[in-house]
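Chain by chain, the residues run as shown.
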Amino acid sequence: MQDKVFDLIIIGAGPAGLAAGSYAGRARLDTLIIEKEKDGGQIVITAEIDNYPGSVENESGPSLIARMAKQAEGFGAQKLYDTVTDVDLSGDIKIITCKKGVYKCRALIIATGAHPRPIGCPGEKELIGKGVSYCATCDGAFFEDMEIFVVGGGDTAVEEAVYLTRFGRSVTIIHRRDKLRAVQGIQDRAFKNDKIKYMWDSVVDELKGDGILESMVIKNTKTGEKTEIFADPEDGTFGIFVFIGFLPESALFEGKVAMQNGYIVTNEKMETNVKGVYAAGDVRITPLRQVVTAASDGAIAAMQVYHYLENL
Ligand code: NAP
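Residues numbered from 1 in each chain as written. Predicted model: local features only at pLDDT ≥ 70, side-chain atom pairs only at ≥ 80, totals over all residues. Heavy atoms only, no water.

## Re the overall build of the protein chain
What counts is decided by this rule: The way it works is that DSSP assigns letters per residue, a run of H or I at least four long becomes a helix, a run of E at least two long becomes a strand, and they are numbered from the N terminus. Radius of gyration: over C-alpha atoms. The globule rule applied is 2.2 Å multiplied by the number of residues raised to the 0.38 power. Residue burial is assigned from relative accessible area. The probe radius is 1.4 Å, only protein chains are included, and a residue is buried under 20% of its type maximum, exposed over 50%, and partly exposed in between. Whether two residues are in contact is decided by their heavy atoms, any of which lying within 4.5 Å being enough. For every accessible area listed, the method is Shrake-Rupley and the probe measures 1.4 Å; residues are considered covered only by the protein chains on display. His is not counted, nor are the chain ends; Lys and Arg add positive charge and Asp and Glu add negative charge. By convention, charge coordinates are those of NZ in Lys, CZ in Arg, CG in Asp, or CD in Glu.
If you tally the helices and strands in the protein chain, you get six helices and 19 strands. On C-alpha atoms alone, the protein chain measures out to a radius of gyration of 21 Å, which is about the 20 Å that the 2.2 N^0.38 rule sets for 312 residues. Projected onto the principal axes, the alpha-carbon positions of the protein chain cover approximately 65 × 40 × 30 Å. Expressed as a percentage of its 312 residues, the buried residues of the protein chain come to 48%. The long-range fraction of contacts in the protein chain, counting pairs at least 24 apart against all pairs at least 6 apart in sequence, stands at 60%. As displayed, the protein chain has an accessible area near 15200 Å², and 49% of this comes from carbon and sulfur atoms. In the protein chain, 35 side chains carry a positive charge and 44 a negative one; their mean positions are 5 Å apart.

## As for the sheet that holds strand 9 (residues 147-151)
Quick note on the threshold: Pairing between strands is defined by DSSP: at least two bridges between the two strands are required. Note on method: axes are straight lines fitted to C-alpha atoms, helices fitted across the in-contact stretch only, with angles between N-to-C directions ranging 0 to 180 degrees.
Pairing is parallel in the open sheet, where five strands are placed in the order 8-15-9-10-11. Each end of this open sheet is capped by a strand with a single partner; those strands are strand 8 (132-133) and strand 11 (196-199). Inspection of the sheet shows strand 9 paired to strand 10 (residues 170-174) by five bridges, in the parallel sense. Residue pairing across strands places I148 opposite V171, the latter belonging to strand 10. Its contacts with the sheet place helix 4 (residues 155-164) against strand 9, strand 10, strand 11 and strand 15 (239-242), and it is angled at close to 170° to strand 9.

## Brief notes about the domain arrangement of the protein chain
Convention followed: The source of the domain bounds is an automatic or database domain assignment. Throughout, the accessible surface (probe 1.4 Å) given up by two parts as they are put together, summed over both, is called the buried area. Here a polar contact means two N or O atoms within 3.5 Å. Within protein one must be a hydrogen donor candidate and the other an acceptor candidate, and residues neighboring in sequence count only if both atoms are side-chain atoms. Charged means Asp, Glu, Lys or Arg here, nonpolar means Ala, Val, Leu, Ile, Met, Phe, Trp, Tyr, Cys or Pro, and polar covers whatever is left, Gly included.
Domain assignment breaks the protein chain into domain 1 (5-116 + 246-310) and domain 2 (125-242). Contacts between domain 1 and domain 2 engage five residues on the former and six residues on the latter. Across the interface of domain 1 and domain 2, roughly 480 Å² is buried in total on both sides, 62% from carbon and sulfur atoms. Inspection of the region where domain 1 meets domain 2 yields zero residue pairs in polar contact (both at pLDDT 80 or more). Looking at the side of domain 1 that touches domain 2 residue by residue, the class counts come to four nonpolar, one polar and no charged.

## Things to note about unusual backbone geometry
At D145, a residue that is not glycine, the phi angle is positive and equals roughly 60°. Here D145 is to be found in the loop between helix 3 (136-139) and strand 9. Residues other than glycine seldom take positive phi values, yet M270 does so here, at roughly 70°. By secondary structure assignment, the location of M270 is in the loop between strand 18 (263-264) and strand 19 (277-279). We classify M270 as buried; its relative accessible area is 3%.

## Regarding the side chain of N193
The topology assignment puts N193 in the loop between helix 5 (184-191) and strand 11. When near neighbours in sequence (up to four residues on either side) are disregarded, N193 contacts V162 and T165.

## As for the site of the ligand
Note the threshold: Nearness here has a simple test: a residue counts as near a molecule or strand if at least one of its heavy atoms is within 4 Å of that partner.
If you check the shell around the ligand, you find 17 residues, and the closest are D155, T156, E159, R177 and R181. One of the side-chain N or O atoms of N51 is found 3.0 Å from an oxygen atom in the ligand. Protein chains shield 74% of the accessible area of the ligand, which is 920 Å² for the free molecule. Here the shell around the ligand gets three residues from one element, more than from any other, and that element is helix 4. Here the residues of the shell around the ligand sort into three nonpolar, eight polar and six charged. Both domains that furnish three or more residues to the shell around the ligand are identified here as domain 1 (5-116 + 246-310) and domain 2 (125-242).

## Quick word on the environment of E35
For E35, the location among the structural elements is in strand 2 (residues 31-35). Beyond its immediate stretch of four places on either side in the chain, E35 contacts G12, A13, L80, Y81 and D82. Only 2.8 Å separates the side chain of E35 from the backbone nitrogen of A13, close enough to count as a polar contact.

Written out as structure tokens, the structure is:
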């Protein structure tokens, strides 16, 4: 694998990367998908995908992703699990350095996605997996009949708050303003749910606990007043789920392709400012970050690579 020059390397096996892999494989491009951990990106932490066109009822993120991965492989795209540590995009042949090997290609699609934005308050990092979570599907069940708090007011926060009512005896949404950002339909579902409470004009200032989350300091964004909330002594802890947006996974490409606020700039053909380098999905500047738009970006990028290689 390391001796040859691939037509195309795709970094990332989320919906954008896998759709690109399917289209590229189908166009008979010699394609390698490099994924650092497991297929799927953020979609693997989604309990139910109900807005991907034609999605099967009650289908989970991992199930949809497994079908996408199988399809890409079926069309001949190869896959490798390794972490990219450096990229050289300066020549006609792009060089992708990973922990376990170095790979070369004529064209590259960056489909590295984004990761959850942390609160950034003291105690957060230390208490991840010990009360602090970024994934309701993964960790909701740990808080069966306990108190759960959700930070954020967007679609993700409100949808996941509704999902978490299956587990918690109450779910409190902590939002920095007095109005949710989520679309009305999602808000309506939350307002109808008796288990959901709201803490408006509030941010989490500190998380505390010795090996497990025991209390948190909440700051009122209007008055500056701070309040400490303690775990119910019978529970000993509570869950805090953070859904306050995403940060692009783009550090590797800094100074190598044009970016704005960490997001890669592309045109409608998914071309970056570097010849032979494309970006698709959540890592690029785009008005909508959904599975359907990521998959669409991947398809466009792969077909543009096909035309680019034809004209080389
Ligand atoms: P988002 O729309 O960017 O919302 C982030 C939320 O976190 C906002 O309520 C924001 O408050 C709050 N926030 C941001 N930084 C904060 C901080 N430092 N401290 C406290 N709160 C903070 O992110 P998202 O909900 O993850 O959604 C991302 C994209 O995916 C959106 O385009 C969304 O529509 C889409 N999405 C769609 C669906 C669906 O269609 N079913 C489901 C999930 C996500 P403010 O409101 O004050 O800015």
